[in-house]
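Read off the chains here:
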Amino acid sequence: MKCLPLFGLFLLFFPFSSCNDKTEDPAPVEENGIAIQSIEMTSQADLSGREDWILHISYAPYDFRVERKQIQAKPSGEPAHFDKDFPEGYELSAEQGPIIYFVPPSGWPTQTKLAMPPLAQAQDQSTQEKLLAADDLFCRYAGPVAEQLTGIHLIHANALLDFEVIHFPEDASVKVESEGEIKPYQEGTHYQAIIPAGPGTNYGSVIIRSAGILHEISLLKYISDPLSSSSYIPQNTHFQFTIRYDQEEKSFLIENVRKTTWSAEE
C-alpha cells in the first residue's frame, strides 16, 4: 500500500484550511533498519575464562553471559542495526550481514564505529594465558533479518602455528615474526603462536638465533591460501609442522606440514 504524506492527508480532509494555518514538520525518516536486541552464539572452544572479553556487533557493544561454549548477549546501549534496505525476514548472505566479534580487552581499538577491529597482535605469548589473549573469535552473520539472532557459530579470526624443532643447536632461540616479533609459547621443543590471518595478512616466518647468527625461515608458501589470487593466511586454520636442523647442510628444513580447521578440533 502506498501511503500519503501527512501533509497530503491534512489537505485531503481539510481542503478549506487557511493558508496561514501552521502544519507540523513531518517526522524524521528513520535511517536505521531492524535493531538486533538479543543474540545467542556457540563456539567449539570453551569460552570459560573470557568473561572480561569484549563483544561487538558491527560498532555496537553488547553485554553477555558465558556458559562454557555458549554466549547470550543483549545491547549495552544503542543496538546494532541491519541495513534499512533489508526488511525483517530477508535472507542475508555473509557479505551482507553484520560482523560479530569477540576479542580480549587488549585487542579492542580506541576508534569507534569500525566494521571490524584490527586483530589482536600480542607480542608476548609465552604463557597459556598470554597465548589465549592473542586469540580473536568472530562470525560474519548470514541468515534472516530479525531482532533475535540464534544459531550463530563463532570461529577463530586468526591462525595457530604449532611446530616442533628437531636437532636444534643448544643455544638456539626461537621467535615468530608476523607484523612484529612474537615470543611463542614453549613446552620443551614444542612451540605455539597465534598470528593474524585473513585478507591483508601475507607475512609469517620463524626467527632462529644461534651462535650469533640470525636465520629467518619464511612460512608463507606453507601457510598462505594457494587458491587465492592474492596470497594471504586463511583464518581459523591450525598449521602443524616440524623444523629440522640439517647438521650436514647447516640449514633448517620445514617438514610434515599439516593444515586443519582450528575450531573443528576443539
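The structure contained in this document is the topic of the report that follows. Everything numeric in this text was worked out from a predicted model, so none of it was measured.

**A word on the overall build of the protein chain**
Counting its secondary structure elements, the protein chain contains 3 helices and 18 strands. Taking all 266 residues of the protein chain together, the buried fraction comes to 40%. Accessible area for the protein chain stands at about 15300 Å²; split by element, carbon and sulfur atoms hold 52% of it.

**A few points about unusual backbone geometry**
A positive phi angle, close to 55°, is found at S58, a residue other than glycine. Relative to the helices and strands, S58 resides in the loop between β2 (54-57) and β3 (60-67). Its relative accessible area of 18% is what places S58 among the buried residues. At A211, a residue that is not glycine, the phi angle is positive and equals roughly 50°. Its place among the elements puts A211 in the loop between β15 (205-210) and β16 (213-218). Judged by its relative accessible area of 60%, A211 falls in the exposed class.

**With respect to the pattern of salt bridges**
Overall, the coordinates contain 6 salt bridges when judged by the stated rule. The shortest N-O distance in the salt bridge between D135 and R50 comes to 3.4 Å. Residue D135 is found in the loop between α2 (128-132) and β7 (137-140), and its partner R50 is found in the loop between β1 (38-43) and β2; the two are separated by 85 residues along the sequence. The pair formed by D135 and R50 is uniform in burial state, with each residue classed as buried. Notably, a salt bridge pairs E255 with R244, separated by 2.9 Å at the nearest N-O pair. Highlighted residues: E255 in strand β18 (residues 251-261) and R244 in strand β17 (residues 237-246), separated in sequence by 11 residues. A relative accessible area of 25% means that E255 is categorised as partly exposed. Overall, R244 belongs to the partly exposed group, its relative accessible area being 23%. Overlapping salt bridges, with partners in common, bring together K175, E181 and R209 in one network.

**Describing the side chain of H238**
Looking at the secondary structure, you find H238 in strand β17. Looking at H238, the relative accessible area reads 7%, which means it is buried. Side-chain polar atoms of H238 contact the side chain of E265, separated by 2.6 Å. In this structure H238 touches L160, D162, R258, K259, T260, W262 and E265, once residues within four positions along its chain are discounted.

**Description of the sheet that holds strand β10 (residues 158-166)**
Within a sheet, neighbouring strands are paired by backbone hydrogen bonds and run either parallel or antiparallel to one another. Reading across from one edge, β13-β14-β10-β17-β18 is the order of the 5 strands in this open sheet, with mixed pairing throughout. Two strands close off the open sheet at either side, each with one partner strand: β13 (185-187) and β18. For this sheet the average axis-to-axis angle between neighbouring strands, irrespective of direction, equals 20°. As defined by bridge partners, β17 adjoins β18 across 9 bridges and the pair is classed as antiparallel. Bridging across to β18, H238 finds its partner in T260.

**Here we look at the environment of A159**
On the secondary structure map, A159 appears in strand β10. The exposure class assigned to A159 is buried, which follows from its relative accessible area of 0%. Separated by 80 residues in sequence, A159 and F239 place their C-alpha atoms 7.5 Å apart. Residues in contact with A159, not counting those within four places in the same chain, are A193, I194, I195, A197, I233, P234, T237, F239 and W262.

**Here's the deal with the packing of aromatic side chains**
By the definition in use, this model includes 8 aromatic pairs. Both rings, one in F86 and one in Y90, keep their centres 5.1 Å apart while their planes meet at 10°; by these two values the pair is stacked. Its relative accessible area of 16% is what places F86 among the buried residues. Y90 sits in the partly exposed class, given a relative accessible area of 36%. Ring geometry for F168 and F252: centres 5.1 Å apart, planes at 70°, overall edge-to-face. Placement of F168 in the loop between β10 and β11 (173-177) and of F252 in strand β18 is noted, with a sequence separation of 84 residues between them.

Criteria and thresholds
- Residues numbered from 1 in each chain as written.
- Predicted model: local features only at pLDDT ≥ 70, side-chain atom pairs only at ≥ 80, totals over all residues.
- Heavy atoms only, no water.
- Helix = DSSP H or I, 4+ residues; strand = E, 2+ residues; numbered from the N terminus.
- Buried < 20%, exposed > 50% of the residue type's maximum accessible area, 1.4 Å probe, protein only.
- Areas by Shrake-Rupley, 256 points an atom, 1.4 Å probe, with all protein chains shown as cover.
- Salt bridge = Lys/Arg side-chain N within 4 Å of Asp/Glu carboxyl O.
- Polar contact = N/O pair within 3.5 Å; in protein donor to acceptor, adjacent residues only side chain to side chain.
- Contact = heavy atoms within 4.5 Å.
- Pairing = 2+ DSSP bridges.
- Axes fitted to C-alpha atoms, helices over the stretch in contact; angles between N-to-C directions.
- Phe/Tyr/Trp six-rings, centres within 6.5 Å; stacked < 30°, edge-to-face > 60°.

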